Amino acid sequence: MKRIPKPLFLALVVFVLSSCAQTQSLSTVPEELWKEFSPAAGRFKVVLPGNHTETSRTIEPRLGKIERHMFTLQAGFASYLVSHLDFPVT
């Protein structure tokens, strides 16, 4: 039996999952619930439909210690994830 190449397999999985997600009836979040969020350590702004949860973790690749910040939110069938980290100057 011939194996399916990994890139093709991953593309098929993403296609199937997105097709399944589109068949679900999604309730839209009212516009007044969307809130702008801008973390002090991150230099960005994002709008999310509700209150997020923040987690931080230190990772240690070859470059040295790096602090990774993740902001997550689950809203019905949707999940939102924003992450940032700063690489050290070498």
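The structure under discussion appears in the preceding block.
A brief look at the structure comes next. For clarity, every value in this text was computed on a predicted model and none was experimentally measured. (Residues numbered from 1 in each chain as written. Predicted model: local features only at pLDDT ≥ 70, side-chain atom pairs only at ≥ 80, totals over all residues. Heavy atoms only, no water.)

## A few points about the sheet that holds strand β3 (residues 53-59)
Spatial ordering of the open sheet is given by β3-β4-β5, a layout of 3 strands whose pairing is antiparallel. For this open sheet the edge positions go to β3 and β5 (78-85), each flanked by a neighbour on one side alone. The average undirected angle you get between the axes of adjacent strands in this sheet is 20 degrees. Bridge count for strand β4 (residues 66-75) against β5 is 8 bridges, and the pairing is antiparallel. Paired with Met70 across the strands is Ser83, a residue of β5. (Pairing = 2+ DSSP bridges. Helix = DSSP H or I, 4+ residues; strand = E, 2+ residues; numbered from the N terminus. Axes fitted to C-alpha atoms, helices over the stretch in contact; angles between N-to-C directions.)

## A few points about the packing of aromatic side chains
Applying the stated rule across the entire model yields 2 aromatic pairs. Note on Trp34 and Tyr80: the rings are 6.0 Å apart at their centroids and 85 degrees apart in plane angle, and the pair reads as edge-to-face. Of this pair, Trp34 sits in the loop between α1 (6-23) and β1 (35-37) while Tyr80 sits in strand β5, and the two are 46 residues apart along the sequence. Taking relative accessible area as the criterion, Trp34 reaches 34% and is therefore assigned partly exposed. Aromatic side chains Phe37 and Phe71 sit 4.8 Å apart centroid to centroid with 65 degrees between the ring planes, which places their arrangement in the edge-to-face category. Placement of Phe37 in strand β1 and of Phe71 in strand β4 is noted, with a sequence separation of 34 residues between them. (Phe/Tyr/Trp six-rings, centres within 6.5 Å; stacked < 30°, edge-to-face > 60°. Buried < 20%, exposed > 50% of the residue type's maximum accessible area, 1.4 Å probe, protein only.)

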